[in-house]
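# Chains, contacts and geometry: an overview
Letter by letter, the chains look like this.
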Amino acid sequence: MDAMFITAALASAEKVINAALNYDPATRIALGKLAPQVLSIKLTAPEICIYVVPTEDGICLLGHYEGDFTTQVQGTVPALMSLLKNDRVNLKDSGVQVIGSSIFLADLQHILKNLDIDWEEMLSQIFGDIIGHQGAEFIRHKMHWAKDRVSNLSRLTSEFLTEELQALPSKAEVTYFNQQVDEVRLGVDRIEARINQMLQKHLQP
Amino acid sequence: MNEPKTTHFGYEQVAVEKKAERVADVFHSVAAKYDLMNDLMSAGVHRLWKRFTIEASAVRAGHKVLDIAGGTGDLSYQFAKLVGKDGQVILADINSSMLNVGRDRLIDRGVAGNIQFAQADAQYLPFPDNTFDCITIAFGLRNVTDKDLALRSMLRVLKPGGRLLVLEFSKPQHSLLEKVYDTYSFKLLPMIGKLVTNDADSYRYLAESIRMHPDQETLKGMMRDAGFVNTEFHNMTGGIVALHKGIKP
């Protein structure tokens, strides 16, 4: 991909993020305290590497960085998005690989989870207090509604696939199946060990 | 009788000692509306070219940076933030009008303490040997009378291991793009210049000087001949602009 496209995309994203961070001073200060650490994000599909540099003014997004990074996360976009949204601290089976300090990553994740942009202040400065307040109420209401719908959609889809369509096993069935597989594996291991023991006894002169 | 030495000023041949004067006239004329014209001419893309240059500079806190032909201070502003209070940035330009605009603009943006201003000729840089960690010259080298002399002067004031970045118009890499670019440069550009600054000639010179500037490989060779190592270039926007990099051994 042409470096100019990445530079343009990062410049735009940086401008939007820093403008939004102006309305969440607590997050901006918390990010400033992380300087001079650098997070490298290496996307594997498409293959792009970007660098997130927290500063006192917000963050810098770079497409080219020649210094040492503090932490590098590698993975696909969906895997990284999933990590960002969840609380999980264990990266096993997440499709994401971390190189370097995981503390810095945890700090960033914690700061982003507490992101609280003052939409009302932002809109009030543009449209005035009354329209700003109404606009912010509307955004809050819609975001709450969207969060509910996403949560419900996820639950209903899961129930439909497992209970109604019976196309997928339920979580309990999967857990029970995994336990049985584990028991079989342990049983096979025991038999293998027993056979080895018997063979050794038999072969000894 | 000896023929007087000449050099190019756009497509025109002028006496060597006259070129600096003619270039100075161009920049005195456009200084006040330089930023506006840059945005109009490049549709704002010059900001991305400069941003890429900043990233490639690898400038860190505490570094000493020389921004030659720094003009209105776009690069110096970013460098001043990167080097912090322990570093130093010198914004140098041969043209007093451009330097005044740059200095006023940076002071208005609150940049002070770690920045100094110098009216200096790139061919004869008034700094001690081995002074800077990084030198940049953005859209300035093509206006220099003796480019080889300027490159050697930059090498001298760089610290060993320091890097020179030359951001300059270059040769488009596709023939179709080149045709479109030529039409734009020679027809539209002087017209925009006439409308905005009432000075079509300066922008005609701009288009001509770009065509007279060495292409990517030639400039890379010139940097190598001047003594730089690990020389390389990176084309941007199809080669309309190229960023050359060289390291002082």
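Rules used throughout
Residues numbered from 1 in each chain as written. Chains lettered and ligands numbered in written order. Predicted model: local features only at pLDDT ≥ 70, side-chain atom pairs only at ≥ 80, totals over all residues. Helix = DSSP H or I, 4+ residues; strand = E, 2+ residues; numbered from the N terminus. Rg over C-alpha atoms; globule rule 2.2 N^0.38 Å. Buried ≥ 20, exposed ≤ 12 C-beta atoms within 10 Å, placed from the backbone. Axes fitted to C-alpha atoms, helices over the stretch in contact; angles between N-to-C directions. Left-handed = near helix turned anticlockwise from the far one by under 90°. Contact = placed C-beta atoms within 7 Å. Nonpolar A, V, L, I, M, F, W, Y, C, P; charged D, E, K, R; others polar. Pairing = 2+ DSSP bridges. Expected span 1.5 Å × (residues − 1). pLDDT = per-residue confidence, 0-100.

### Here we look at the overall build of chain A
Of regular secondary structure, chain A possesses seven helices and five strands. Reading chain A from its N end, one meets helices and strands in the order α-α-β-β-β-β-α-β-α-α-α-α. Against the 2.2 N^0.38 benchmark of 17 Å for 205 residues, chain A shows a C-alpha radius of gyration of 25 Å, more extended than a compact globule. Overall, the C-alpha framework of chain A stretches about 90 × 50 × 35 Å when taken along its three principal axes. Evaluated residue by residue, chain A yields a buried proportion of 12% over its 205 residues.

### Let's talk about the packing of helix H3 (residues 45-57) of chain B against helix H4 (residues 74-83) of chain B
Residues and elements named next belong to chain B. Their axes nearest at 10 Å, the elements H3 and H4 cross at an angle of 35°. Relative to H4, the crossing made by H3 is right-handed. Contacts between H3 and H4 involve Lys 50, Thr 53 and Ile 54 from the first element and Asp 74, Leu 75 and Gln 78 from the second. Residue composition of the contact of H3 with H4, grouped by class: two nonpolar, two polar and two charged.

### With respect to the interface of chain B and chain A
The interface is formed by nine residues belonging to chain B together with 10 residues belonging to chain A. Counting residues per element, the side of chain B that touches chain A draws most heavily on H3 of chain B, which supplies five residues. Broken down by class, the residue content of the side of chain B that touches chain A amounts to five nonpolar, one polar and three charged.

### Section: the sheet that holds strand E4 (residues 88-93) of chain B
By way of backbone hydrogen bonds, the strands of a sheet pair with one another, either parallel or antiparallel. All names here are of chain B. Strand order across the open sheet formed by seven strands is E5-E4-E3-E6-E7-E9-E8, with mixed pairing between neighbours. A strand with exactly one partner marks an edge of an open sheet, and here the two such strands are strand E5 (115-119) and strand E8 (229-236). For this sheet, the mean angle separating the axes of adjacent strands, direction not counted, is 15°. Summarising the sheet, E4 and E5 pair through five bridges and their orientation is parallel. What sits directly across from Val 89, in E5, is Ile 115.

### Section: H3 of chain B
Residue and element names in this part refer to chain B. In a regular helix each residue adds 1.5 Å, so 13 residues correspond to 18 Å; H3 covers 19 Å between its end C-alpha atoms and thus fits that length. Of all 13 residues that make up H3, 10 are buried, and the element is covered over most of its length. Looking at H3, one finds that the buried residues are Leu 48, Trp 49, Lys 50, Arg 51, Phe 52, Thr 53, Ile 54, Glu 55, Ala 56 and Ser 57. Looking one or two residues beyond H3, the residue adopting positive phi is Ala 58, at roughly 55°.

### So, the environment of Ala 69 of chain B
Residues and elements named next belong to chain B. On the secondary structure map, Ala 69 appears in the loop between strand E3 (64-68) and H4. Separated by 70 residues in sequence, Ala 69 and Phe 139 have C-alpha atoms that sit 7.5 Å apart. Beyond its immediate stretch of four places on either side in the chain, Ala 69 contacts Asp 93, Ala 122, Ile 137, Ala 138, Phe 139 and Gly 140.

### Here we look at helix H6 (residues 129-164) of chain A
Side chains of residues three or four places apart in an α-helix project in the same direction, reflecting 3.6 residues per turn. Residues and elements named next belong to chain A. A rise of 1.5 Å per residue sets the reference length of H6, with its 36 residues, at 52 Å; its end C-alpha atoms lie 50 Å apart and thus fit the reference within 8%. A small share of H6 lies buried, amounting to zero of its 36 residues. One or two steps after H6, the chain reaches Gln 166, where phi turns positive at roughly 50°.

### Here we look at the confidence of the model for chain B
Of the residues in chain B, 94% have a pLDDT of 70 or more, and the chain-wide mean is 87. We note a pTM of 0.73 for the whole complex and an ipTM of 0.71 for its interfaces.

### Here's the deal with the environment of Gly 140 of chain B
All names here are of chain B. Following the sequence through the fold, Gly 140 ends up in the loop between strand E6 (132-138) and helix H6 (147-157). Its 25 C-beta neighbours within 10 Å are what place Gly 140 among the buried residues. Considered as a pair, Gly 140 and Gly 70 are 70 residues apart in the sequence and their alpha carbons are 8.1 Å apart. Gly 140 has contacts with Ile 68, Ala 69 and Ala 122, leaving out every residue within four places of it along the chain.

### A word on the sheet that holds strand E1 (residues 39-44) of chain A
Residues and elements named next belong to chain A. In space, the five strands of this open sheet follow the order E3-E2-E1-E4-E5, with mixed pairing throughout. Taken across any chain shown, the strands that pair with only one partner, and hence form the sheet edges, are strand E3 (58-62) and strand E5 (97-100). Each neighbouring strand pair of the sheet contributes to a mean axis angle of 20°, computed without reference to strand direction. Where strand E2 (residues 47-55) lies against E3, five bridges are found, and the strand directions are antiparallel. Counted as the bridge partner of Tyr 51 is Leu 62 from E3. Sitting on the sheet, helix H4 (residues 102-113) is in contact with E1, strand E4 (71-75) and E5, with an inclination near 75° to E4.

### So, the pairing of E2 of chain A
All names here are of chain A. Strand direction decides the pairing type here: E1 and E2, joined by six bridges, are antiparallel. Bridge pairing in E2 links Lys 42 to Cys 49. The hairpin turn running from E1 into E2, its antiparallel successor, is two residues long. Following E2, the chain reverses through two residues before pairing antiparallel with E3.

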